[in-house]
Amino acid sequence: MDAHELHPDPARDGGARHARPEGIVVGVDGSDHGQCALVWAAREAERRRSPLHIVTAYSVPIFAASGLDGGYATVDDSVIREGAESILQHAVDKVAGYNISVSSSVENGDASGVLLDLSETAELLVFGTRGRGGFVGRLLGSVSSALPAHSKCPTVTVPLICSDRLGETTQDKHIRAEQAKAGHGPVEKAVVVGVDGSEQARVAVLEAAEEAERLGAPLRVICAVPQYSGSLAWVPAPLDREALFADIQVQLKAGVAWLQSHFPRLAIETRLLDGSPVDVLVEASRHVELIVVGTRGRGGFTGMLLGSTSDGVLHHAKSPVMVVPDREDPRLADRASFGPMLGAS
């Protein structure tokens, strides 16, 4: 049963508390980016048999007054809120045909703060890469990077270039030109996860395996080894990359055996590639359903999930990208019993 809840802000409802949504939370603002995120989130809610909560947020602008009177002036929020409610109603109507439970809310506040707050109880946060100045538009730049890094639950970023995959259209001429250049080749039903040997990457692998099972798709585990340069230029003798790759392959095989013990029916393959982790994962995103990464690496072999690398994947991927936060998982306890681990001392 649908539950359309246009939550008033605390100033209007006397500070009443509303139950935080569980399941999948998607942020919308009426833009094409938000529509793509909404469709992906609705499909995912069906796959997971989870409720979908649609949220939009607004804040009332404050202007500094000029002239002798001085001070500040605020805009009556009634018109802004009515616009937000209209966007929300359109979103609710758009997913009416899905076999899911839908709730919705208009929130007063900063968009990133609203989503981070909801991540405390959500199963998954979904949002577009950017918008037109509204809710998702607030996720540009540093916020789009900070949200996956600080969310308490996994996040999925859905780029606008995925619109044709999702049966959506866009008037963005740059996106349309990029789609035309890429053609309309079939998307392989596969989930790709990047690993670097860190504990955070193993958590991401477990989440990726669950997602692959939901999709009925194989899981592809990718480890990309960049050329040594910069801070590693002090290495006194050339490294034997052939021996290095052979050693990593042994460790990847042990990792797959561990993963297979927890997902015995899942088809799993590994790819050990020579190159930039960002380039490898972005290229893979052109042809698969989903890319999965951890929030960061810590002591991993290639450090592929650190800082600018995960940001690079988020900002340039051609498929949805799931970022999995660091968290405890009891399934990690038996990993060492299956053999050597990447990044282990």
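Residues numbered from 1 in each chain as written. Predicted model: local features only at pLDDT ≥ 70, side-chain atom pairs only at ≥ 80, totals over all residues. Heavy atoms only, no water.

Peer 1: Sorry, what's going on with the side chain of Asp196 here?
Peer 2: Locating Asp196 in the fold gives a position in the loop between strand S9 (188-194) and helix H7 (199-215). Although Asp196 is buried, it forms no salt bridge, and the closest oppositely charged side chain is Arg202 at an N-O distance of 7.3 Å. In terms of polar contacts, Asp196 uses its side chain to reach the side chain of Ser198, at 2.7 Å. (Helix = DSSP H or I, 4+ residues; strand = E, 2+ residues; numbered from the N terminus. Buried < 20%, exposed > 50% of the residue type's maximum accessible area, 1.4 Å probe, protein only. Lys, Arg positive; Asp, Glu negative; His and termini not counted. Salt bridge = Lys/Arg side-chain N within 4 Å of Asp/Glu carboxyl O. Polar contact = N/O pair within 3.5 Å; in protein donor to acceptor, adjacent residues only side chain to side chain.)

Peer 1: Honestly, empty space enclosed by the protein in this entry has me stumped. Any pointers?
Peer 2: Evaluated as defined, the whole model comprises one cavity of 30 Å³ or more. Taken as a whole, the largest cavity holds about 200 Å³ of empty space. Val195, Arg202, Val205, Leu252 and Gly255 are, among the 16 residues lining the largest cavity, the residues nearest its centre. Of all the elements in the fold, those that place two or more residues in the lining of the largest cavity are H7 and helix H8 (241-262). For the lining of the largest cavity, the residue count by class is nine nonpolar, five polar and two charged. (1 Å grid on protein atoms, 1.4 Å probe; cavity = no way out; pocket = protein on both sides within 12 Å on 5 of 7 lines; lining within 4 Å. Points joined across faces, edges and corners; volume = space filled by probe spheres on them. Nonpolar A, V, L, I, M, F, W, Y, C, P; charged D, E, K, R; others polar.)

Peer 1: Would you mind going over helix H4 (residues 111-118) with me for this structure?
Peer 2: Within H4, the full set of buried residues consists of Ala111, Ser112, Val114, Leu115 and Leu118. Taken down its axis, H4 places every buried residue within 160 degrees of arc, on the same side. (Arc of directions from axis to C-beta.)

Peer 1: Is there a simple way to explain the packing of aromatic side chains in this structure?
Peer 2: Any pair of aromatic rings gets described here by the distance separating the centres and the angle formed by the planes. Tallied over the full model, the rule gives zero aromatic pairs. Taking NZ or CZ as reference, Arg47 lies 5.7 Å from the ring centre of Trp40, over its face. (Phe/Tyr/Trp six-rings, centres within 6.5 Å; stacked < 30°, edge-to-face > 60°. Lys NZ or Arg CZ within 6 Å of the ring centre and 35° of its normal.)

Peer 1: Would you take a moment to explain the environment of Ala201 for this structure?
Peer 2: Take Ala201: it is sitting in helix H7. On a C-alpha basis, the gap between Ala201 and Val293 in space is 6.9 Å, while along the polypeptide they are 92 residues apart.

Peer 1: How should the packing of helix H2 (residues 32-48) against helix H3 (residues 78-94) be read in this particular structure?
Peer 2: Two measures define how a pair of helices packs: the angle their axes make with one another and the distance between the axes. Here H2 crosses H3 at 40 degrees, and the two axes come no closer than 10 Å. On the basis of their axis angle, the class for H2 and H3 is oblique. At the point where H2 passes H3, the crossing takes the right-handed sense. Listed contacts from H3 to Gln35, Leu38 and Val39 of H2 are His90, Ala91 and Lys94. (Axes fitted to C-alpha atoms, helices over the stretch in contact; angles between N-to-C directions. Parallel < 35°, antiparallel > 145°, perpendicular 65-115°, else oblique. Left-handed = near helix turned anticlockwise from the far one by under 90°. Contact = heavy atoms within 4.5 Å.)

Peer 1: Any chance you could explain the confidence of the model for the protein here in plain terms?
Peer 2: Reading predicted coordinates in detail is not appropriate for stretches of low pLDDT. On average, residues of the protein score 80 in pLDDT, and 76% of them reach the 70 mark or higher. For residues 1-17, every residue scores under 50 in pLDDT, and the model assigns this stretch 37 contacts once sequence neighbours within four places are set aside. Contacts from residues 298-306, a stretch scored under 50 in pLDDT, to residues over four places away or in other chains number 44 contacts. (pLDDT = per-residue confidence, 0-100.)

Peer 1: Any chance you could explain the packing of H2 against H7 here in plain terms?
Peer 2: One way to put it is that H2 packs onto H7 with a least axis distance of 10 Å and a crossing angle of 85 degrees. Judged by the angle between their axes, H2 and H7 are roughly perpendicular. Contact residues: Glu44, Arg47 and Arg48 in H2; Glu207, Glu211, Arg214 and Leu215 in H7. Of the residues assigned to the contact of H2 with H7, the class counts are one nonpolar, no polar and six charged.

Peer 1: How should I be thinking about helix H6 (residues 173-182) in this particular structure?
Peer 2: Residues that lie three or four places apart on an α-helix share one face, since the helix turns once every 3.6 residues. Measuring from the side-chain oxygen of the N-cap residue of H6 to the backbone nitrogen of His174 gives 2.9 Å; that N-cap residue is Asp172. Just downstream of H6 lies Gly183, where phi reads positive at about 80 degrees.

Peer 1: What is the right way to read the pairing of strand S7 (residues 124-128) from this model?
Peer 2: Moving residue by residue along a regular strand, the side chains alternate between the two faces of the sheet. Taking burial as the measure, the five residues of S7 include five buried ones, the bulk of the element. Neither face of S7 is left uncovered, since the one carrying Leu124, Val126 and Gly128 and the one carrying Leu125 and Phe127 both have all their residues buried. As defined by bridge partners, strand S2 (residues 24-27) adjoins S7 across three bridges and the pair is classed as parallel. Residue pairing across strands places Val26 opposite Val126, the latter belonging to S7. Note that S7 and strand S8 (residues 155-158) share four bridges and pair parallel. Looking at the pairing, Val126 lines up with Val156 of S8. (Pairing = 2+ DSSP bridges.)

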